[in-house]
There are 4 protein chains.
Amino acid sequence: MRHEEPVFQPRDEGYAERVRASFDLQQAMTLIEAELAVVDPGYVEIHLPYKSQITQQHGFIHGGVVGMIADSAAGYAANTLTPADASVLTVEYKLNLLAPADGERLVARGEVIKPGRTLLITRAEVFAVKHEQWTLCAVMQQTIMAMHGKKERVG
Amino acid sequence: MRHEEPVFQPRDEGYAERVRASFDLQQAMTLIEAELAVVDPGYVEIHLPYKSQITQQHGFIHGGVVGMIADSAAGYAANTLTPADASVLTVEYKLNLLAPADGERLVARGEVIKPGRTLLITRAEVFAVKHEQWTLCAVMQQTIMAMHGKKERVG
Amino acid sequence: MRHEEPVFQPRDEGYAERVRASFDLQQAMTLIEAELAVVDPGYVEIHLPYKSQITQQHGFIHGGVVGMIADSAAGYAANTLTPADASVLTVEYKLNLLAPADGERLVARGEVIKPGRTLLITRAEVFAVKHEQWTLCAVMQQTIMAMHGKKERVG
Amino acid sequence: MRHEEPVFQPRDEGYAERVRASFDLQQAMTLIEAELAVVDPGYVEIHLPYKSQITQQHGFIHGGVVGMIADSAAGYAANTLTPADASVLTVEYKLNLLAPADGERLVARGEVIKPGRTLLITRAEVFAVKHEQWTLCAVMQQTIMAMHGKKERVG
């Protein structure tokens, strides 16, 4: 879009470690073999290598799996900006699937649009990467709620 | 809602068999151990037993997995009403997560709201069932596109 | 959907009067000549007579106007369930347009799906009524936030 | 987002004139006094000066009106890329309201994300401009359908 990108200041220095610890507890991410590739203030990337176990009936990666990594990337992008003693939960998201998820890997990029105290509005884009060609295969718009005083259960 | 439920007439007698064959090809559904429990005209149910491999960091079933079965239930509900020589794809969906997916199993109910020739509008509800108590944990609104003359690849 | 409808208990006896006073302050509703027809606990109806000033290029009522009354009906449905000292605001909504809004009047029905303390999830349906034939022309799913201690500015 | 902006090639040289003629037929846009300020390939801006007739109960511009101009800006952005003999209709959109629409005017920017033949995926941002300060007050993600061979009724 034609406006400057916002720059975010995390409220918790340990944001990256905190997000990584939470991600590691998500067994569903382990099941699909998703990787937390980038954790910056207000921005998170999740990478997902292709494997046949996560495909749909045409052999492409399942749209539901695309939604999973989009939801997680944007949700954790929000989580980088919440205080140390807060956890986040997804209120809702809306996902458009633009092209088959056809690639050796998917890259989901989540970013915060507006970091409110209670609600954080985010968006995500998912690319299918095939022979280093990037195809935008999904876009998402999402609402995240910060639960203050409810630290993530880690360890 | 306060209006009569529509009754749908399938355009393909073999709709249930066709939907089941397509579902069986979705390896992602096998991975999470989802079951296609009901296939009626304009209505599909997917059941998902709890297992730790599909949980998030608090031990509940992952919101992305909830989205997967909601998306599939509503998409296949649309698929029951398309002709034999058509396949369907998800254009987009919007999912609200209402409560933690805390239960021994999830039940996703997808139904068609409006069956157009090219676009079918659907919705889904997902319940978490715990000690036979049903809790509504997600609602979804979805747009499905019918691809005429593009039969599902089955077998 | 195939589950029992919830029955809602308002937390403020004066809910109907409060909602009506707020609606009357919305000059945009006066501009399009929308009427607040029903105010029940968790359920609100807005009626909108046809007039050429609210049409789009094909002579039907503008989709944006359909969205306005869907948003308001569902938002006020939420507002019937909030305490007297709270105001509500729309966090987000998702609207599917199913058919042209072709009728002598539109009827928007908003209802609460889940009344949380901070967030209320709602949905709406909009019907076009022509020669007493009802056509479902839009469905909406919405998130409403209750602002506690921030009474609506009335009078 | 961190990828290059696409550049769009209109399929109809007369796209701007065609879009302007359609906009001028929307009486609902005249009613709220919205202006079609920019018409580029894949990009449209609508400006809306403040007036009390379009406000909600707190004196800000009504969220439904914000939705109207977001929907129109993105829908016409799609329309710039369709052939001369096609019309467009909104399948659905999802709008997040981020801040009160508090300003002397609103600026809605619609742009195409993916221009398919049948479906075009778009997004919009709406800014409130007050003393030349721009505040992002809404973001929208939308699906548009092109109706080929159904020319807009103009004149």
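As a reminder, the structure under discussion sits directly above these lines.
Now for a quick tour of the structure. What you see is a predicted model, and the numbers here were worked out from it, not measured in a lab. (Residues numbered from 1 in each chain as written. Chains lettered and ligands numbered in written order. Predicted model: local features only at pLDDT ≥ 70, side-chain atom pairs only at ≥ 80, totals over all residues. Heavy atoms only, no water.)

1. Remarks on empty space enclosed by the protein
- Evaluation of the coordinates by the stated rule reveals two cavities of 30 Å³ or more.
- Counted as a void, the largest cavity has a volume near 70 Å³.
- Lining the largest cavity are A:Ile113, A:Arg123, A:Val139, A:Met140, A:Gln141, D:Ile113, D:Arg123, D:Ala124, D:Val139, D:Met140 and D:Gln141.
- Of all the secondary structure elements, the ones that give two or more residues to the lining of the largest cavity are strand S6 (133–148) of chain A together with strand S5 (119–130) and strand S6 (133–148) of chain D.
- Here the lining of the largest cavity is built from residues that sort into seven nonpolar, two polar and two charged.
- Estimated volume of the second largest cavity: approximately 60 Å³.
- Considered class by class, the residues forming the lining of the second largest cavity number six nonpolar, two polar and three charged. (1 Å grid on protein atoms, 1.4 Å probe; cavity = no way out; pocket = protein on both sides within 12 Å on 5 of 7 lines; lining within 4 Å. Points joined across faces, edges and corners; volume = space filled by probe spheres on them. Helix = DSSP H or I, 4+ residues; strand = E, 2+ residues; numbered from the N terminus. Nonpolar A, V, L, I, M, F, W, Y, C, P; charged D, E, K, R; others polar.)

2. Concerning the interface of chain C and chain D
- With 35 residues of chain C at the contact, the number on the chain D side is 35 residues.
- Summed over both partners, the interface of chain C with chain D comes to about 2900 Å²; 50% of that surface belongs to carbon and sulfur atoms.
- On the chain C side of the interface with chain D, the three residues burying the most area are C:Leu31, C:Gln57 and C:Tyr93, jointly 23% of the side's total.
- Applying the counting rule to chain C against chain D returns two salt bridges.
- We note a salt bridge from D:Glu92 to C:Lys94, for which the minimum N-O separation is 2.7 Å. (Contact = heavy atoms within 4.5 Å. Buried area = accessible area lost by both parts, 1.4 Å probe. Salt bridge = Lys/Arg side-chain N within 4 Å of Asp/Glu carboxyl O.)

3. Points about the pairing of strand S2 (residues 43–49) of chain D
All names here are of chain D.
- Buried residues dominate S2, accounting for five of its seven residues.
- Here strand S1 (residues 35–40) pairs with S2 via five bridges, running antiparallel. Within S2, the residue paired with Val-38 across the bridge is Glu-45.
- Where S1 folds back onto S2 in an antiparallel hairpin, the turn is made up of two residues, including Gly-42, whose phi is positive at roughly 75°.
- In terms of strand pairing, S2 meets strand S4 (residues 105–115) through seven bridges, oriented antiparallel. From the neighbouring strand, His-47 faces S4, where its bridge partner is Val-107. (Buried < 20%, exposed > 50% of the residue type's maximum accessible area, 1.4 Å probe, protein only. Pairing = 2+ DSSP bridges.)

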